[in-house]
Amino acid sequence: MPVAITVAPTGPVATTADNPSLPTTPEEIADAVAEAYVAGAAVAHIHLRDARQRPTADLGIGRRVMELIAERSPILVQLSTGVGLDVPFEERARLVELRPRMATLNPCSMSFGTSQFLNPPDGVRRLAASMRDLGVLPELEIYDTGHLEACLRLRDEGLLPERLQFSIVLGVRGGMAATADNLLMMVRRLPADAIWQVIAIGRSNLELTAIGLALGGNARAGLEDTLHLRRGVLADGNLPLVERTVALARDLDLTIADAREFAAELG
Ligand code: KMH
Ligand code: ZN
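Residues numbered from 1 in each chain as written. Chains lettered and ligands numbered in written order. Predicted model: local features only at pLDDT ≥ 70, side-chain atom pairs only at ≥ 80, totals over all residues.

According to the UniProt record, the Cofactor (unreviewed entry) comment for the protein chain reads "Zn(2+)". (UniProt positions renumbered as here; feature names shortened; annotations may be inferred.)

Right, dumping it as structure tokens:
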């Protein structure tokens, strides 16, 4: 199977004070996504920001970003329903009304750094049901073993598609540590037909992305996951991070999926 690369250009936490090349306006986000598409990304994982760079679930901003992205390329849009830690769950959940191709579904609440990431069980079930009803494919973000079990229960209840798409998130304080052992343990527990990628946050981004590719996973790249290209060297935008991941995959003799191929695999 060709490898699908997701670009995650913005994320919920960093600002341009952390990395001046972080895209935050709709135009900047769409430009970053267009460049990433040309470099080989098939999916764009999108967080929205307001004019003061704060994470937002504003439907108008979401619509604008999706329009600008669609004008520039056929990349598959995956809207984050995680949005940002201070945005109430019910506001975040409404973003699926914009009917992106995919949206994140975070199955459980957890500590997240010094804050908390609230995903209450009844809200998660409602969000999964509305994704199913609107035809929005869930990208399941699992930060711990119990999150996988919660997803399998949702599938058994008919709230998720039969074939599941997971992101194994490593390196968030409050979730699994970014170690190869943790990644291998999670990969072994996934359903055999699962589509999956690693989301490696912070210092171990490069190593764990490489291990995920070598194990047969897809990959994600972008300033949401690391602000640095090398230790101590800020990435000058998302493009170098996407190009690095494409090169890594090619060095492993893997081929890169385009958006159309990955859409067909998702069904
Ligand atoms: N940055 C991720 C670890 C989501 O997009 O739904 C958390 C997140 C979740 O942003
Ligand atoms: Zn995200």
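So that's the structure; there's more coming.
Moving on, we come to the overall build of the protein chain. Of the regular secondary structure elements, the protein chain holds 9 helices and 12 strands. For the protein chain, the C-alpha atoms occupy an extent of roughly 45 × 40 × 40 Å along the three principal directions. Counting the 267 residues in the protein chain, one finds 49% classified as buried. Intrachain contacts of the protein chain at a sequence separation of at least 6 include 70% that bridge at least 24 residues. (Helix = DSSP H or I, 4+ residues; strand = E, 2+ residues; numbered from the N terminus. Buried ≥ 20, exposed ≤ 12 C-beta atoms within 10 Å, placed from the backbone. Contact = placed C-beta atoms within 7 Å.)

A few words on the sheet that holds strand β4 (residues 102–105). Read once around its circumference, the closed barrel built from 8 strands follows the order β1-β2-β3-β4-β7-β8-β9-β10, with strand pairing classed as parallel. Direction aside, neighbouring strands of the sheet carry axes that sit 25° apart on average. Where helix α8 (residues 239–251) meets the sheet, its contacts fall on β1 (5–7) and β10 (218–221), and the angle it forms with β10 comes to roughly 155°. (Pairing = 2+ DSSP bridges. Axes fitted to C-alpha atoms, helices over the stretch in contact; angles between N-to-C directions.)

Okay, the packing of helix α1 (residues 26–39) against α8 next. Contact geometry of α1 with α8 gives a least axis separation of 9 Å together with a crossing angle of 20°. Here α1 is positioned roughly parallel relative to α8, judged by the angle of their axes. When the axes of α1 and α8 are compared, the crossing they make is right-handed. For the pair α1 and α8, the contacting residues are E35, A36 and A39 in the first and L239, V242, E243 and V246 in the second. Classifying every residue of the contact of α1 with α8 by side-chain character gives 5 nonpolar, no polar and 2 charged. (Parallel < 35°, antiparallel > 145°, perpendicular 65-115°, else oblique. Left-handed = near helix turned anticlockwise from the far one by under 90°. Nonpolar A, V, L, I, M, F, W, Y, C, P; charged D, E, K, R; others polar.)

Time to look at the pairing of strand β2 (residues 43–46). Alternating positions in β2 separate into two faces, V43 and H45 on one and A44 and I46 on the other, with burial throughout. In the sheet, β1 pairs with β2 via 2 bridges, with the strands oriented parallel. If you follow T6 over to β2, its bridge partner there is V43. Assessed by its sense of winding, the connection that carries the chain from β1 through α1 to β2 is right-handed. Between the parallel pair β2 and strand β3 (residues 76–79), the chain is carried across by helix α2 (residues 59–72), and the sense of this crossover is right-handed. (Right-handed = clockwise from strand over helix to strand, strands pointing away.)

With that settled, the discussion passes to the pairing of strand β9 (residues 195–200). With respect to burial, β9 is a largely interior element, 6 of its 6 residues being buried. Here β9 shows a buried face lined by I195, Q197 and I199 and a second buried face lined by W196, V198 and A200. Relative to β9, strand β8 (residues 165–170) runs parallel, the two being bridged by 6 bridges. Bridged to I168 within β9 is V198. Taken together, β8, helix α6 (residues 180–189) and β9 form a β-α-β motif whose crossover is right-handed. Relative to β10, β9 is paired through 2 bridges, and the arrangement is parallel. The residue bridging V198 from the neighbouring strand is A219, located in β10.

Attention now moves to helix α4 (residues 121–134). The end-to-end C-alpha distance of α4 is 20 Å, a good match for the 20 Å that 14 residues give at a rise of 1.5 Å each. Looking at α4, one finds that the buried residues are V124, L127, A128 and M131. For α4, the angular spread of the buried residues around the axis is 100°, confining them to a single face. In α4, those exposed residues whose orientation departs by more than 90 degrees from the buried face are D122 and D133. Of the surrounding elements, those touching the buried residues of α4 are α3 (89–93), β4, β7 (137–142) and α5 (145–156). Once α4 finishes, G135 follows within two positions and takes phi at roughly 75°, a positive value. (Expected span 1.5 Å × (residues − 1). Arc of directions from axis to C-beta.)

For the rest of this paragraph, the subject is the confidence of the model for the protein chain. On average, residues of the protein chain score 98 in pLDDT, and 100% of them reach the 70 mark or higher. Two numbers describe this predicted complex: its pTM, 0.98, and its ipTM, 0.95. (pLDDT = per-residue confidence, 0-100.)

Turning our attention to unusual backbone geometry. With a phi close to 55°, V83 is a non-glycine residue in the positive phi region. With respect to the helices, strands and loops of the structure, V83 is situated in the loop between β3 and α3. Residue D253 is not a glycine yet carries a positive backbone phi of 70°. Examined against the element boundaries, D253 turns out to sit in the loop between α8 and α9 (259–266).

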